[in-house]
Amino acid sequence: DKGPGVMSAEVATGVNYHKAGQDPKLLPDEEYPEWLWTLAEPLPTMQELKRDVEAGEKLGHAKMRRLWDLYNRDVIKQKNALKAK
C-alpha cells in the first residue's frame with residue numbers, strides 16, 4: 001500500500017481529485033499529445049521578444065500577446081513603485 005506523497009512510476013501520484021477515485025495510470029510517452037511536452041519549455045522574456053521585433057521578425061499572435069502582457073505588467077510595476085515612494 002502506497003501512502004500519500006509516495007511517488008510511483010506506474011501512476012500519476014496526487015492527480016486524482018475525486019474523493020473515492022484513484023490516481024490515473026501513467027501511459028507510455030508516445031500515447032500523450034506532442035504539445036504536452038512543450039509545456040515545460042520556458043516562455044520568451046520581454047527582452048527576447050523586443051530583440052526579435054527590432055530585428056524585423058514578424059511575431060505570431062501568441063508571442064505578440066505575451067509581449068503585450070509583459071509590457072503591461074512592467075508598466076503596472078513601475079506605477080506601483082512610484083506610489084510606494
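Source: prediction; values computed, not measured.

1. So, the overall build of the protein chain
Inference 1: Across its full length, the protein chain holds 2 helices and 0 strands.
Inference 2: What you see for the protein chain is a C-alpha radius of gyration of 21 Å, clearly larger than the 12 Å of a compact globule of 85 residues, by over 25%.
Inference 3: Seen through its principal axes, the protein chain has C-alpha atoms that stretch 55 × 40 × 20 Å.
Inference 4: Residues classed as buried in the protein chain amount to 8% of the 85 residues present.
Inference 5: Here the contacts in the protein chain between residues at least 6 apart in sequence split such that 11% fall between residues at least 24 apart.
Inference 6: Summed over its atoms, the accessible surface of the protein chain is roughly 8000 Å², and 57% of this surface lies on carbon and sulfur atoms.
Inference 7: Positive and negative charge centroids in the protein chain, built from 14 and 14 side chains respectively, lie 14 Å apart.

2. Remarks on the pattern of salt bridges
Inference 1: A complete count under the given rule lists 1 salt bridge for this structure.
Inference 2: Among the ionic pairs, Arg65 bridges to Asp69, the shortest N-O distance being 3.2 Å. Placement of the pair is Arg65 and Asp69 together in helix H2 (residues 61–84), with a separation of 4 residues, close to one helical turn.
Inference 3: Accessibility expressed as a relative area gives 32% for Asp69, which makes it partly exposed.

Scoring rules and cut-offs
Residues numbered from 1 in each chain as written. Predicted model: local features only at pLDDT ≥ 70, side-chain atom pairs only at ≥ 80, totals over all residues. Heavy atoms only, no water. Helix = DSSP H or I, 4+ residues; strand = E, 2+ residues; numbered from the N terminus. Rg over C-alpha atoms; globule rule 2.2 N^0.38 Å. Buried < 20%, exposed > 50% of the residue type's maximum accessible area, 1.4 Å probe, protein only. Contact = heavy atoms within 4.5 Å. Areas by Shrake-Rupley, 256 points an atom, 1.4 Å probe, with all protein chains shown as cover. Lys, Arg positive; Asp, Glu negative; His and termini not counted. Charge placed at Lys NZ, Arg CZ, Asp CG, Glu CD. Salt bridge = Lys/Arg side-chain N within 4 Å of Asp/Glu carboxyl O.

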